[in-house]
Amino acid sequence: MITRRAIFEGRIKPGMEDRFFEEVESRLAPLWQAFPHALAVRMFRIEDCDDTERPVVMIQEVDYPDREKMQEAITSPARDAARACTMELLEMFDGRFYHVISGKNRLSAKG
């Protein structure tokens, strides 16, 4: 399994915080969940960040069975629809977003 994360770095425009997250949850999350081969979709609203110069306000994660299935998802019409919605919602956001991809957890659980 692999996980593709979108890191939203920056700040939500003043007074738009609640609306931004309402729109993410009501409009964008269902589009993420429609990605082909998505095993799990998570969204985290960041409450605090060490780096106040480059704060992270949201992290989205999607798990896929493998890199091939992820590639199918990110070249699909479902991803195109999510990207269009994301660009619209970024009107309420000052910053950038980027993706990171990771494989399995390299630390074994204790016990």
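Please refer to the structure higher up on the page.
All values derive from a computational prediction rather than experimental measurement.

A. Examining the overall build of the protein more closely. A count of helical and extended segments in the protein gives three helices and four strands. Listing each helix as α and each strand as β along the protein from the N terminus yields β-α-β-β-α-α-β. If one aligns the C-alpha atoms of the protein with their principal axes, the spans along those axes are about 40 × 40 × 20 Å. Every one of the 111 residues in the protein was classed for burial, and the buried ones make up 37%. For the protein, the share of sequence-separated contacts (at least 6 apart) that also reach a separation of at least 24 residues comes to 78%.

B. Structural context of the nonpolar core. The biggest cluster of nonpolar side chains holds 26 residues, and the ones touching the most others in it are Phe8, Phe20, Trp32 and Met58. Counting only elements with at least two residues in this core, the list comes to strand E1 (2–12), helix H1 (17–33), strand E3 (56–64), helix H2 (67–74), helix H3 (77–89) and strand E4 (93–102). If one sorts the elements of this core by residue count, H1 sits on top with six residues. Leaving out residues up to four positions away in the same chain, tryptophan 32 has contacts with Val24, Val41, Met43, Met58, Gln60 and Ala82.

C. Molecular detail of the sheet that holds E3. Read across the sheet, four strands follow the order E2-E3-E1-E4 without closing on themselves; strand pairing throughout is antiparallel. The strands lining the two open edges of the sheet, one partner per strand, are strand E2 (40–45) and E4. Between one strand and the next, the sheet's axes are offset by a mean angle of 15°, whatever the strand orientation. The sheet contact formed by E1 and E3 spans eight bridges and is antiparallel. Across the sheet, alanine 6 pairs through a bridge with glutamine 60, a residue of E3. Sitting on the sheet, H1 touches E1, E2, E3 and E4, and the angle it makes with E2 is about 170°. Lying on the sheet, H2 is in contact with E1, E3 and E4; it crosses E1 at an angle near 45°.

D. Spotlight on the packing of aromatic side chains. Per the stated rule, a full pass over the model turns up four aromatic pairs. Aromatic pair phenylalanine 8 and phenylalanine 93: ring centres 6.3 Å apart, planes at 80°, arrangement edge-to-face. Linking phenylalanine 8 in strand E1 with phenylalanine 93 in strand E4, this pair joins segments that are 85 residues apart in sequence. A residue is classified by how much of its surface remains accessible, and phenylalanine 8, at 3% relative accessible area, is buried. Exposure remark for phenylalanine 93: the relative accessible area of 6% places this residue in the buried category.

So, how was this worked out
Residues numbered from 1 in each chain as written. Predicted model: local features only at pLDDT ≥ 70, side-chain atom pairs only at ≥ 80, totals over all residues. Heavy atoms only, no water. Helix = DSSP H or I, 4+ residues; strand = E, 2+ residues; numbered from the N terminus. Buried < 20%, exposed > 50% of the residue type's maximum accessible area, 1.4 Å probe, protein only. Contact = heavy atoms within 4.5 Å. Core = buried A, V, L, I, M, F, W, Y, C linked by side-chain atoms within 4.5 Å. Pairing = 2+ DSSP bridges. Axes fitted to C-alpha atoms, helices over the stretch in contact; angles between N-to-C directions. Phe/Tyr/Trp six-rings, centres within 6.5 Å; stacked < 30°, edge-to-face > 60°.

That's the geometry; what it means functionally is another story.
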